[in-house]
Amino acid sequence: MNERIGREVRDLMLTSDFFLPAPFCLLALLLPPLPLGAPMSTAESVKQAYNLALHMQTQTSTLLQTYVSDGPAAFGSPHSHLSLSLVQLQHQSTPFSDPDFSLPELKLRTLPPTAMHFENWHGLEDAVRLSLTHEAFLSFSQHLLLAIVDQSNLNPDNSMVENQLWEERLKAKGLAGNLAGIMTALGLPTPPANPPLGTVPLGNTAFQKKCRGYVIVRDYGLWTDRVVTFLGELKDKYSQ
Amino acid sequence: MFTLQTWIVQALFIFLTTESIGELIVPCAHIHPESSVVQLGSNFTAVCVLKEKCMNDYHVTANEIFWKTGRVTVPYEQYAVINRTASSVTFPNITLINALLTCNIRMFGQINRSVYGIRIISGLPPEKPKNLSCIVNEGKKMMCQWDPGRETHLETNYTLKSEWATEKFDDCKAKRDTPTSCTVDYPPVYFVNIEVWVEAENALGKVASDHINFDPIDKVKLNPPHILSVNSSKELSSILKLTWTDSRFKSFITLKYDIQYRTKDASTWNQVPPEDTSSTRSSFTVQDLKPFTEYVFRIRCMKEDGKGYWSDWSEEASGITYEDRPSKAPSFWYKIEPSHAHGTRSVQLKWKTLPPFEANGKILDYEVTLTKWKSHSQNYTVKDTKLTVNLTNDRYVATLTARNLVGKSDASVLTIPAWDFQGNLVEKKCYLITVTPVYDDGPGSPEHIKAYLKQAAPSKGPTVRTKKVGKNEAVLEWDHLPIDAQNGFIRNYTIFYRTVIGNEIAVNVDSSHTEYTLSSLTSDTLYMVRMAAYTDEGGKDGPEFTFTTPKFAQGEIEAIVVPVCLAFLLTTLLGVLFCFNKRDLIKKHIWPNVPDPSKSHIAQWSPHTPPRHFNSKDQMYPDGNFTDVSVVEIEANDKKPFPDDLKSLDLFKKEKVNTEGHSSGIGGSSCMSSSRPSISSSDENESAQNTSSTVQYSTVVHSGYRHQVPSVQVFSRSESTQPLLDSEERPEDLQLVDNVDGSDGILPRQRYFKQNCSQHETSPDISHFERSQQVSSVNEEDFVRLKQQQISDHISQPYGSGKMKMFQEVPAVDAFGPGIEGQVERFETVGMEAAVDEGMPKSYLPQTVRRGGYMPQ
């Protein structure tokens, strides 16, 4: 795991823009889906993406809870955070581990925006929403890697959060790939280039890193909720 | 590994071939190639090149080189001396080998010395790995395995490669001890298709398997469910409810289950039908189980669509079904012990405990009832399996039931015979003798036999009757003789039957039958039948029975009648169809079409058509549609109507002022009414004449049919009670009105004056009369036909209810005479205008008036 992070981090640090692999990633997206295996219909692609999003959604609440506090019980059961107590080992320590901790006003400029009203979001065309969602989850995969790096530095002895962040990052990338597949299947333009991450704010002190990780995980959850609704609509639309 | 060996070998030879002085010296020779992995079956050639220094030191050339594999010298036939310093050896079609190949030199004094060596290893390039498959155990990482194919005999590396469409994953290198599988190091991401393949590589080659592409969720092997409980039901002793907890995958995939159960002692499992457990659930009630039996359950699960793998079986869990009442009464017997007391005996009743599958629960106690012959009974409740009672020497009936928590078993019954049983056996009585063996552990199954002390012939014969009588056969039936009348074992029956005049025929029937069919009977014949029953000792006839066979078999009459009826029906149907098809012809002959005045097309006449056109008799009725019409004979010689007519004419003249301008249709009616006699009865004519004495004649002007106008002016008697209009007095007007009525259009009035009526202008009154005399019967007939045709056409036109109403109202108009001008006016407006505006310029253009048309009375 550490070796893996190390390599990815090295990749990140190689460029001043912080994210060189993005073009390669996009290059990969530009390539048509591999012709092997039975080609999936649009309905199947959408259904698969929806299932993945749903699966991610069941994990995101625990992810956030795991992030703010540590406890094996919190891993795996969506309701286990209810039983968290202050006696448990606190992962990020106070105030993150406080019950009912939330920082709604805390934003990260580089993260995909979450402020859009549902009406506006819902009013957008499928193609636009697909594109935005695809872009968002690619962006989250980058931010989550940043959070992993931060965690690795902050809590080198505890790999639980790291592992879960890693898994979520993989899912975010997988979802982005599924979305790209849907767009290709629908004959939509190739997914747009993922903008370089740039300098992510809130990164100097340990507390700021914790805050950053918190916001990333929180917004990741919000976007997951959003994509579940969106793909649910698409699924209904294409399964007819 | 073999690289290391080669190195050691080389080091050894370097050591061997160095000068003994101690200085480190280069090897004395070299072998090419240094690499020594050879494909099985190929040819291998090695060349040993001596170094000059060695050659000089040892005074040898390539001729002195010989080769060894291990300790065996390679035959010289395989050598080839290339030049002074080099010699080669060739191994054709190399077999499996892993040996040291050394280059040796032979020196003086037969001293052999190895100068260099390599290890040659034979093997095969890797085959394309086959049957690549992957599995994702829940909570673990993906593991793939494959079939590597043939043995390569070489060290072969297998690398599992995997990628998404958008991402490549790290290679997974198979471990040496498990070269056919590899577990990837990244967590599985479900619902994203992944592509996986395996590459095999050794010193002789590299090959990749086919790529497989799948969604890891379709390769998942879930953790087995965990059985929480197995519960029985008090209500139903045949069910057990199983509850379990599932894999957490059930929150996002649908599961199906496989449940097996067996009784605790059984070794084979019963299967719950898969279709009952084909969706996610957390409990299942297994049915059709035996009561009070311990069952063991196990369960496994997998993805509902069958993609993936079954989970392992869960840990077994057991439960006991609830009790049910004992399903069988216990076996029961007795033992009589002689008693010292007189008149009593000690009877020990014994029974066995029920086996568990019959007890259906824990037997709490047994209930024994002893009933003396024709007396009250005694009850005993016993926990043990025996009961000793003192009984009198009478006959007793004992019953036994076992009881558990749920209920009692059926009772088993045992008769304890009277102690001094001595029957007076009598002849001709049937006795049932029962022998029951009693073993140490209980009674065996009893055997029964029926017996007579002495048999006799039956005391009466069976009564035979018919069950069914057909034309040529009869089914006879009878009852078995009552046991009291049998007097022995009935061995057979004999049936005698005969006709009144015929011989008697006898048929033997087995005693087990109660029915027999007599066949080959004659129809419509009286038969007499009787029956005898025989025992071993003789027979006895029963009463005689007579029956008559019917003349016709059942359904025979129907078989004749039904086809006849059908044929008749068919004929009728065909007749109707024929009539229907030829209805036009029939109609023409029976009720021909009558022209509809409203459909006549007089309006289309050209104003310039010369009158002579209408004179042609041939053109009068070109259609020929109305050929057979009743003939109206107007008796010109009949003087009677004339005064009446004239009178009415006078009356009409007086009323003319009132009616004129109101209804030109009246004028028309006077013309048209000429057709009336042809279709109305004379009674009506009379009544018309009676009600109004003003029966008049007016000039009848044929409007013609379609484009034709009859040339002959017709006088016809008008039966209309309405006074004649001015137009009727003046045939010019009349002509117009007539045509209006008949042809739905305003016609050129002046012209008709000229053509038809001009000569009567001065004396219309007379002309009516005179013309009527002139009318030939043929013309009048034609006219009538014309009118009828016009009327019928008119009526048949679907102008709607208004038209029909008009038609219906016409008689009323007639009946009320001039008093109903309003109505007439309504229908005849165009005609009215024409009649009033006599002096106005006339148009020959056809009018679109559709409501005109005169109706007959």
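Residues numbered from 1 in each chain as written. Chains lettered and ligands numbered in written order. Predicted model: local features only at pLDDT ≥ 70, side-chain atom pairs only at ≥ 80, totals over all residues. Heavy atoms only, no water.

Chain B appears in an unreviewed UniProt entry as Interleukin 6 cytokine family signal transducer from Ovis aries.

### Digging into the overall build of chain A
Filter applied, for reference: Secondary structure elements are defined from DSSP: runs of H or I of at least 4 residues count as helices, runs of E of at least 2 residues count as strands, and each element is numbered from the N terminus. Burial classification: accessible surface area is computed with a 1.4 Å probe over protein chains only, and a residue below 20% of its type maximum counts as buried, one above 50% as exposed, and the rest as partly exposed. Working rule for contacts: check all heavy atoms of both residues, and any pair within 4.5 Å makes them a contact. Residue burial considers only the protein chains on display, and all accessible areas are found by Shrake-Rupley using a 1.4 Å probe.
Counting its regular elements, chain A contains 7 helices and 0 strands. Burial statistics for chain A: of 240 residues in total, 49% are counted as buried. Summarising the internal contacts of chain A: among those between residues at least 6 apart in sequence, 82% fall at separations of at least 24. Surface summary for chain A: the accessible area is close to 11200 Å², and the carbon and sulfur share equals 59%.

### A few points about the nonpolar core
Here is the rule we go by: Only buried residues count toward a nonpolar core. Its members are Ala, Val, Leu, Ile, Met, Phe, Trp, Tyr and Cys residues joined through side-chain atoms within 4.5 Å.
Of all hydrophobic cores here, the largest spans 92 residues; its most connected members are Phe137, Leu175 and Leu231 of chain A together with Met142, Leu160, Val196 and Phe297 of chain B. No other element matches helix H7 (residues 206-238) of chain A, which puts 12 residues into this core. When neighbours within four sequence positions are excluded, leucine 175 of chain A is seen to be in contact with Ala49, Leu52, Met56, Phe137, Val227 and Leu231 of chain A. In terms of nonpolar packing, the next biggest core, distinct from the first, is built from 31 residues, Ala29, Tyr58, Ile118 and Ile120 of chain B among them.

### Observations concerning the packing of aromatic side chains
Residue and element names in this part refer to chain B. Applied cut-off: Pairing of aromatic rings covers Phe, Tyr and Trp, the last counted by its six-membered ring, and requires centre-to-centre distances within 6.5 Å; plane angles under 30 degrees mean stacked, over 60 mean edge-to-face, and any other angle means tilted.
For the coordinates displayed, the defined rule picks out 22 aromatic pairs over all chains. Ring centres of tryptophan 146 and tyrosine 158 lie 6.0 Å apart, and the angle between their planes is 40 degrees; this geometry places the pair in the tilted category. Here tryptophan 146 is found in strand E11 (residues 142-147), whereas its partner tyrosine 158 is found in strand E12 (residues 157-163), with 12 residues between them in sequence. Both residues of the pair, tryptophan 146 and tyrosine 158, count as buried.

### Quick notes on the sheet that holds strand E10 (residues 130-137) of chain B
Residues and elements named next belong to chain B. Defined as follows: Note: two strands are recorded as paired if DSSP finds a minimum of 2 bridges between them.
What the 4 strands build is an open sheet, ordered E14-E11-E10-E18; its pairing is mixed. Two strands close off the open sheet at either side, each with one partner strand: strand E14 (181-183) and strand E18 (220-221). Bridging between E11 and E14 involves 3 bridges; their strand directions are antiparallel. Within the sheet, the bridge partner assigned to glutamine 145 lies in E14 and is serine 181.

### Observations concerning the environment of arginine 395 of chain B
All names here are of chain B. Along the chain, arginine 395 falls in the loop between strand E30 (386-392) and strand E31 (396-404). Considered as a pair, arginine 395 and alanine 418 are 23 residues apart in the sequence and their alpha carbons are 4.0 Å apart. The residues contacting arginine 395, other than those within four sequence positions of it, are Thr371, Lys372, Trp373, Thr415, Ile416, Pro417 and Ala418.

### Observations regarding helix H5 (residues 556-581) of chain B
Selection criterion: Expected span of a helix: the number of residues minus one, times 1.5 Å.
Taking 1.5 Å per residue as the helical rise, H5 of chain B with its 26 residues ought to reach 38 Å, and the 38 Å between its terminal C-alpha atoms agrees with that figure. In terms of burial, H5 of chain B is a largely surface element, 0 of the 26 residues being buried.

### Focus: the interface of chain B and chain A
To keep things clear, this is the line we draw: Buried area: the accessible surface (1.4 Å probe) lost by two parts on joining, summed over both. What counts as a salt bridge is simple: a side-chain nitrogen of Lys or Arg found within 4 Å of a carboxyl oxygen of Asp or Glu. Nitrogen and oxygen atoms within 3.5 Å of one another constitute a polar contact, given that in protein one can donate a hydrogen and the other can accept it, and given that sequence-neighbouring residues count only through two side-chain atoms.
Counting residues at the interface gives 21 residues for chain B, matched by 22 residues for chain A. Carbon and sulfur atoms supply 62% of the area that chain B and chain A bury against each other, a total of about 1900 Å² over both sides. Among the salt bridges present, the one from glutamate 167 of chain B reaches lysine 173 of chain A, with a minimum N-O distance of 2.5 Å. On inspection of chain B and its partner chain A, the count reaches 4 residue pairs in polar contact (both at pLDDT 80 or more).

### Notes on the state of the cysteines
Residue and element names in this part refer to chain B. We count it as follows: Put simply, a disulfide is two cysteine sulfurs that come within 2.5 Å.
Summed over all chains, the structure comprises 4 disulfides over all chains. Across the disulfide from cysteine 134 sits cysteine 144; the S-S distance is 2.0 Å. Between cysteine 134 and cysteine 144 the sulfur-sulfur dihedral comes to about 105 degrees; the bridge is accordingly right-handed. Of the two residues, cysteine 134 is situated in strand E10 and cysteine 144 in strand E11; the sequence distance between them amounts to 10 residues. For the pair cysteine 134 and cysteine 144, one class covers both residues: buried.

### Points about the side chain of serine 209 of chain B
As for its position among the elements, serine 209 of chain B is in the loop between strand E16 (205-208) and strand E17 (212-214). For serine 209 of chain B, the residues in contact, after removing those within four places along its chain, are Lys128, Pro129, Leu132, Trp197 and Val198 of chain B.

### Overview of the side chain of threonine 293 of chain B
All names here are of chain B. In this structure, threonine 293 sits in the loop between strand E23 (283-286) and strand E24 (294-303). By relative accessible area, threonine 293 is classed as buried at 17%. A polar atom in the side chain of threonine 293 sits 3.3 Å from the backbone oxygen of lysine 290. If we skip the residues at most four places from it in the chain, threonine 293 touches Thr263, Gly319, Ile320 and Thr321.

### Some words on the packing of helix H5 (residues 126-154) of chain A against helix H6 (residues 160-185) of chain A
Residue and element names in this part refer to chain A. The line we're drawing: Between N-to-C directions, angles span 0 to 180 degrees; the directions come from axes that are lines fitted to C-alpha atoms, helices contributing only their stretch in contact. Between 65 and 115 degrees an angle is taken as roughly perpendicular, under 35 as roughly parallel, over 145 as roughly antiparallel, and anywhere else as oblique. Crossing handedness is defined as follows: a turn of the near helix away from the far one that is anticlockwise and smaller than a right angle gives a left-handed crossing, while the clockwise case is right-handed.
Packing of H5 against H6 brings their axes to within 8 Å, and their N-to-C directions diverge by 165 degrees. Between H5 and H6, the angle is such that the two are roughly antiparallel. Here H5 runs over H6; the crossing is left-handed.

### What to know about the packing of helix H3 (residues 42-68) of chain A against H6 of chain A
Residues and elements named next belong to chain A. Operational definition: Gly counts as polar in this scheme, as do all residues outside two lists: the nonpolar Ala, Val, Leu, Ile, Met, Phe, Trp, Tyr, Cys and Pro, and the charged Asp, Glu, Lys and Arg.
Where H3 contacts H6, the axes come no closer than 9 Å and their chain directions differ by 160 degrees. By the criterion of interaxial angle, the relationship of H3 to H6 is roughly antiparallel. Pair H3 / H6 crosses with left-handed handedness. Classifying every residue of the contact of H3 with H6 gives 13 nonpolar, 10 polar and 2 charged.

### Quick word on the sheet that holds strand E37 (residues 464-469) of chain B
Two modes of strand pairing occur in sheets, parallel and antiparallel, and in both the strands are linked by backbone hydrogen bonds. Residue and element names in this part refer to chain B. Pairing is antiparallel in the open sheet, where 3 strands are placed in the order E37-E38-E41. Both outer strands of the open sheet, E37 and strand E41 (515-518), are each paired with one neighbouring strand and no more. Each strand of the sheet is rotated relative to its neighbour by a mean of 30 degrees, with strand direction disregarded.

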